[in-house]
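Residue strings, one per chain:
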Amino acid sequence: MVEIKSDTQMDSMREAGRVVAHALAAAREAADVGVSLAELDAAAREILVKAGATSPFLDYHPEFAPVPFPATACVSVNDAIVHGIPDGYRLRDGDLVSVDFGAVLDGWAGDSAISFIVGRARPEDVRLVETAFRALDAGIAAAVVGNRIGDIAHAIGKVCRGAGYGIPDGFGGHGIGRHMHEDPGVPNEGRAGRGMVLRHGMVLAIEPMLIADGSDAYYPAADGWTLRALSGARAAHAEHTVAVTDAGPRILTLP
């Protein structure tokens, strides 16, 4: 069931989204060669605590996971696509990092992700990250009243496939509101004109995930959470929480 949010409720989600944006900025600022992934999580968590918000990630325990998620941020490095656990690994020059973060404030959730490169960047990694954000922008542009979920999926997939990148099968965006994961699902590839019609008040987490070598295959790492590209190729992830409104898409997870 898809919950339609009122304008007031979307405003409340904007405040949760603002916390997420500031937390991601703090993690990005903390990232440097020699800094541990756990330190990135700590930097983001500090913003959460100061805002009086809680984490929808911490202790989240879906059926597929052997243990609850132990952190407030997912930090995925190089061939890790999503759901990386921030541990003692220390960043190296040229690492490609994706940070996914969520917050719940006054009962409403926000969810966003960024990808970036630490230190000296390889041109191919820059292109991968830039394409992830281009795909996100294309998906957001398609999130307009009267369009369908398939229009968002098609827009994302066109950018990703057009650049020669893979799209992890079965993973994509989702509805969001009082809970981090709600209906409807938002695939990262699909046919235009198909699926649920978008209405004013629908709020979606739109999140393209790309694998550099064009493959779609992945595998779960030993921790049961991290998803890695089967080929070992690098991956990137970008995400915003977006409200569908009569005035056009409203990004709720900007600073």
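Look up: the structure comes first, before these words.
A.B. asks: How do you make sense of the overall build of the chain when you look at a structure like this?
C.D. replies: Check the secondary structure of the chain and you find 4 helices and 13 strands. Computed over C-alpha atoms, the radius of gyration of the chain comes to 17 Å, within 12% of the 18 Å expected from 2.2 N^0.38 for 255 residues, which places it in the range of a compact globule. Judged by the C-alpha coordinates and their principal axes, the chain covers about 45 × 40 × 35 Å. Within the chain, buried positions represent 55% of all 255 residues. Relative to all contacts within the chain whose residues are 6 or more apart in sequence, the contacts with residues 24 or more apart total 71%.

A.B. asks: Please clarify how unusual backbone geometry should be interpreted in this entry.
C.D. replies: Most peptide bonds are trans, and most residues other than glycine sit at a negative phi. Geometrically, the link from Asp183 to Pro184 is a cis peptide bond, its omega value of 0 degrees lying close to zero. Inspection of the secondary structure assignment puts Pro184 in strand β6 (residues 182-186). The backbone of Asn78 sits at a positive phi, close to 60 degrees, despite the residue not being glycine. The topology assignment puts Asn78 in the loop between β1 (73-77) and β2 (80-82). Under the relative-accessibility criterion, Asn78 is labelled buried at 16%.

A.B. asks: Any chance you could explain the packing of helix α3 (residues 123-141) against helix α4 (residues 149-162) here in plain terms?
C.D. replies: The relative placement of two packed helices comes down to the angle between their axes together with the axis-to-axis distance. Axis separation between α3 and α4 bottoms out at 8 Å; the angle between their running directions is 155 degrees. With respect to each other, α3 and α4 are oriented roughly antiparallel. Between α3 and α4 lies a crossing whose hand is right-handed. Residues Thr131, Arg134, Ala135, Ala138 and Gly139 of α3 form the contact with α4, whose participating residues are Ile152, Ala155, Ile156, Val159 and Cys160. Looking at the contact of α3 with α4, its residues break down into 7 nonpolar, 2 polar and 1 charged.

A.B. asks: How should I be thinking about the layout of surface pockets in this particular structure?
C.D. replies: With a probe scaled to a water molecule rolled over the atoms, the places where space remains empty come into view. Approximately 380 Å³ is the volume found for the largest pocket. In terms of lining, the largest pocket is formed by 22 residues, of which the most central are Tyr60, His83, Phe171, His181 and Glu207. Its boundaries defined by the atoms lining it, the second largest pocket holds a volume of some 190 Å³. Considering the residues around the second largest pocket, the lining is formed by 14 residues, among which Leu37, Val77, Asp87, Tyr89 and Arg228 are closest to the centre.

A.B. asks: For this particular structure, what's the right way to read helix α2 (residues 37-51)?
C.D. replies: One full turn of an α-helix is made of 3.6 residues, so residues set three or four places apart face in the same direction. Compared with an ideal rise of 1.5 Å per residue, which puts 15 residues at 21 Å, α2 spans 22 Å between its outermost C-alpha atoms and is within 8% of the ideal. Those residues of α2 that sit buried are Leu37, Leu40, Asp41, Ala43, Ala44 and Leu48. Relative to the axis of α2, the buried residues are bounded by an arc of 160 degrees and lie together on one face. Turned more than 90 degrees off the buried face of α2, the exposed positions are Val49 and Lys50. As for α2, its buried residues are in contact with α1 (7-30), β1 and β3 (96-105).

A.B. asks: Looking at this structure, how should I read the packing of aromatic side chains?
C.D. replies: Aromatic ring pairs: the centre-centre distance and the angle between the two ring planes describe each pair. Counted according to the given criterion, the structure contains 3 aromatic pairs. Between Phe64 and Trp225, the aromatic rings sit 5.3 Å apart at their centres with planes inclined by 70 degrees, giving edge-to-face as the arrangement. Placement of the pair is Phe64 in the loop between α2 and β1 and Trp225 in the loop between β9 (218-220) and β10 (227-229), with a sequence separation of 161 residues. Since its relative accessible area comes to 51%, Phe64 is described here as exposed. Residue classification places Trp225 among the buried residues on the basis of a relative accessible area of 3%. Plain terms: the ring middles of Phe171 and Tyr218 are 5.4 Å apart, the flat faces sit at 80 degrees to each other, and that makes the pair edge-to-face.

What counts, and where the lines are drawn
Residues numbered from 1 in each chain as written. Predicted model: local features only at pLDDT ≥ 70, side-chain atom pairs only at ≥ 80, totals over all residues. Heavy atoms only, no water. Helix = DSSP H or I, 4+ residues; strand = E, 2+ residues; numbered from the N terminus. Rg over C-alpha atoms; globule rule 2.2 N^0.38 Å. Buried < 20%, exposed > 50% of the residue type's maximum accessible area, 1.4 Å probe, protein only. Contact = heavy atoms within 4.5 Å. Axes fitted to C-alpha atoms, helices over the stretch in contact; angles between N-to-C directions. Parallel < 35°, antiparallel > 145°, perpendicular 65-115°, else oblique. Left-handed = near helix turned anticlockwise from the far one by under 90°. Nonpolar A, V, L, I, M, F, W, Y, C, P; charged D, E, K, R; others polar. 1 Å grid on protein atoms, 1.4 Å probe; cavity = no way out; pocket = protein on both sides within 12 Å on 5 of 7 lines; lining within 4 Å. Points joined across faces, edges and corners; volume = space filled by probe spheres on them. Expected span 1.5 Å × (residues − 1). Arc of directions from axis to C-beta. Phe/Tyr/Trp six-rings, centres within 6.5 Å; stacked < 30°, edge-to-face > 60°.

None of the figures reported here should be taken as evidence of function without further support.
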